[in-house]
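Okay, here's what each chain looks like letter by letter:
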Amino acid sequence: MIYLELILGFLKVGCFSFGGAYGAIPLIRDVVMRYGWLTEEGLSYMIAVSESTPGPIMVNLATYVGSSQAGFWGAVLATFAVVLPSFAVILLITVLLKRAVNNSFFQAALGGVKPCVIGIVLATGIYMVFKNCLSAGSLPEGIKAAAVTLALAAAMGGYKVIFKKKLSPIMLIVLGGVLGIVFYS
Amino acid sequence: MMDITVIAESTPGPIAINCATYTGYKQGGIGGAISATAGIVTPSFIVIYLISMFLDNFLEIHLIASCFKGISLAVGLLVLDAAFTMISKMKKKKLPRGIMAVSAAVMLLCNIFGWRVSSVTLMIAAAVFSLAIFLLKGKKGAGTK
């Protein structure tokens, strides 16, 4: 039953999405790959689309996966499921447990969760970058991918050195697209 | 009045949605919370839903497919860069750094060898570990703010 799977999968994402926008990506990756909803490539595409459109990445991905798996109602249910946990938690805290967030035991547990999420994001980033280059199909393809990756990394680094601020994600995506057209077509 | 950003950082979900729910509740009770949350989700829902109907067709065009190939390489770097940003904002103490390093190592090994350890399991383990350290060390332990 795809509707039920979508609800369960995205409830899980919604319950454990600590650590901001990119904190949710490894979790979403877990869920969509386990159910076979997206390939590694498809996930990258959707992260790029989410980054270039308004709204939090996790909500965007829920809408997209829901829609591609089960049409309009799939999109509605997946989006609802991903938002529900944070909605319920905030409501519960504001209405009933005003002091719960300052509870020292809770903060102690959270003090473990946050760095853990950072570690998971780091591992996911490293894995994605290397997998793109190492499993590109053939050796020339792999070298191409590595070259584009290096060029993009150099652009990020160079921009930061020259302008003393970060290259915006959207600019990096545009640059990636341009290099993709140059190298692959 | 509590600081909403503290709440948002201590609870799951994107900050924008947390703030909408909180403000909605403060202004109009449960109904306000529901409408504010629905209000902040709806625009991105519509945009992504429309995109989802056309993306697969777009990807059949060779030029766009190669464009997206380059983009997917950029996304890997974006995730990596997000991780570095998070690390630089992290508390510079031994315990969080240790947890971060161990989590990264475990997750990387899982990815490489295809072990099915979910990130949720890892997060719960980290929470339990940090709580245990806190209880052992007493209130001045490393887990507190």
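Engineer: Describe the overall build of chain A, with residues and values.
Structural biologist: Scanning chain A from terminus to terminus reveals eight helices and zero strands. N-terminal to C-terminal, the α/β element order of chain A is α-α-α-α-α-α-α-α. In terms of principal-axis extent, the alpha carbons of chain A reach across some 55 × 45 × 25 Å. The proportion of buried residues among the 185 residues of chain A is 53%. Taking the contacts inside chain A whose residues are at least 6 apart along the sequence as the reference set, 56% of them involve residues at least 24 apart.

Engineer: Lay out the overall build of chain B with the relevant residues and their values.
Structural biologist: Helices and strands together make up the secondary structure of chain B, namely five helices and zero strands. Reading chain B from its N end, one meets helices and strands in the order α-α-α-α-α. Computed over the C-alpha atoms, the radius of gyration of chain B is 21 Å, more than 25% above the 15 Å expected from 2.2 N^0.38 for a compact globule of 145 residues. Summarising its shape, the C-alpha atoms of chain B cover approximately 60 × 50 × 25 Å along the three principal directions. Per-residue burial for chain B yields a buried fraction of 39% across its 145 residues. Contacts spanning at least 24 positions in sequence make up 12% of the contacts within chain B whose residues lie at least 6 apart.

Engineer: Describe the interface of chain A and chain B, listing the residues and the values that go with them.
Structural biologist: Listed by partner, the interface residues are 87 residues for chain A and 73 residues for chain B. At the level of elements, α1 (2-16), α2 (20-23), α3 (25-34), α4 (40-52), α5 (57-95), α6 (104-134), α7 (139-163) and α8 (169-184) of chain A are the ones that each hand at least two residues to the side of chain A that touches chain B. The dominant element in the side of chain A that touches chain B, judged by the number of residues it contributes, is α6(A), at 25 residues. A per-class count over the side of chain A that touches chain B returns 56 nonpolar, 26 polar and five charged.

Engineer: Hey, could you go over α3(A) for me, with residue numbers and the actual values?
Structural biologist: Note: α-helices contain 3.6 residues per turn, so residues at a spacing of three or four share the same orientation. All names here are of chain A. With eight of ten residues buried, α3 lies mostly within the body of the structure. Of all the positions in α3, only Ile25, Pro26, Leu27, Ile28, Arg29, Asp30, Val31 and Val32 are classed as buried. Following α3 by one or two positions, Gly36 adopts a phi angle in the positive range, close to 75 degrees.

Engineer: Now, about the packing of helix α4 (residues 94-113) of chain B against helix α5 (residues 119-137) of chain B: what can you tell me, with residues and values included?
Structural biologist: Residues and elements named next belong to chain B. Relative orientation of the contacting elements α4 and α5 amounts to 155 degrees, with a least axis distance of 11 Å. Viewed along their axes, α4 and α5 adopt a mutual orientation that is roughly antiparallel. In this structure, α4 crosses over α5, and the sense of that crossing is right-handed. When α4 is examined against α5, the residues Leu95, Ile99, Ser103, Val106 and Met107 are found in contact with a partner set consisting of Ser119, Leu122, Ala126, Ser130 and Ile133. Residues that form the contact of α4 with α5 fall into these classes: seven nonpolar, three polar and no charged.

Engineer: Break down the nonpolar core for me, citing the residues and quoting the values.
Structural biologist: Core analysis: the biggest nonpolar cluster contains 95 residues, and A:Val121, B:Ala74 and B:Val79 have the highest contact counts within it. Looking at this core element by element, the count peaks at 17 residues for α5(A). In contact with B:Ala74, other than residues within four places in its own chain, are A:Leu152, A:Leu172, A:Ile173, A:Leu175 and A:Gly176.

Engineer: Describe in detail the environment of B:Leu73, supporting the description with residues and values.
Structural biologist: Looking at the element boundaries, B:Leu73 is found in helix α3 (residues 62-89). Filtering out sequence-adjacent residues up to four positions away, B:Leu73 remains in contact with A:Asn132, A:Ala145, A:Val148, A:Thr149, A:Leu152 and A:Gly176.

Engineer: Tell me what's going on with the packing of α6(A) against α5(B), and back it up with residues and numbers.
Structural biologist: Two quantities define a packed helix pair, namely the angle between the axes and the distance from one axis to the other. Running from amino to carboxyl end, α6(A) crosses α5(B) at an angle of 140 degrees, the nearest separation of the two axes being 7 Å. Classified by the angle between their axes, α6(A) and α5(B) sit oblique to one another. In the packing of α6(A) onto α5(B), the handedness of the crossing is right-handed. Residues A:Phe105, A:Ala108, A:Ala109, A:Gly111, A:Gly112, A:Val113, A:Cys116, A:Val117 and A:Ile120 of α6(A) form the contact with α5(B), whose participating residues are B:Ser119, B:Leu122, B:Met123, B:Ala126, B:Ala127, B:Phe129, B:Ser130, B:Leu131 and B:Phe134. Of the residues belonging to the contact of α6(A) with α5(B), the class tally is 14 nonpolar, four polar and no charged.

Engineer: Any chance you could break down the environment of B:Pro12 for me, citing the residues and the numbers?
Structural biologist: Topologically, B:Pro12 is positioned in the loop between α1 (4-10) and α2 (15-59). The contacts of B:Pro12, once residues within four sequence positions are left out, are A:Gly14, A:Cys15, A:Phe16, A:Ser17, A:Phe18, A:Pro85, A:Ser86 and A:Val89.

Calculation notes
- Residues numbered from 1 in each chain as written.
- Chains lettered and ligands numbered in written order.
- Predicted model: local features only at pLDDT ≥ 70, side-chain atom pairs only at ≥ 80, totals over all residues.
- Helix = DSSP H or I, 4+ residues; strand = E, 2+ residues; numbered from the N terminus.
- Buried ≥ 20, exposed ≤ 12 C-beta atoms within 10 Å, placed from the backbone.
- Contact = placed C-beta atoms within 7 Å.
- Rg over C-alpha atoms; globule rule 2.2 N^0.38 Å.
- Nonpolar A, V, L, I, M, F, W, Y, C, P; charged D, E, K, R; others polar.
- Axes fitted to C-alpha atoms, helices over the stretch in contact; angles between N-to-C directions.
- Parallel < 35°, antiparallel > 145°, perpendicular 65-115°, else oblique.
- Left-handed = near helix turned anticlockwise from the far one by under 90°.
- Core = buried A, V, L, I, M, F, W, Y, C linked by C-beta atoms within 7 Å.

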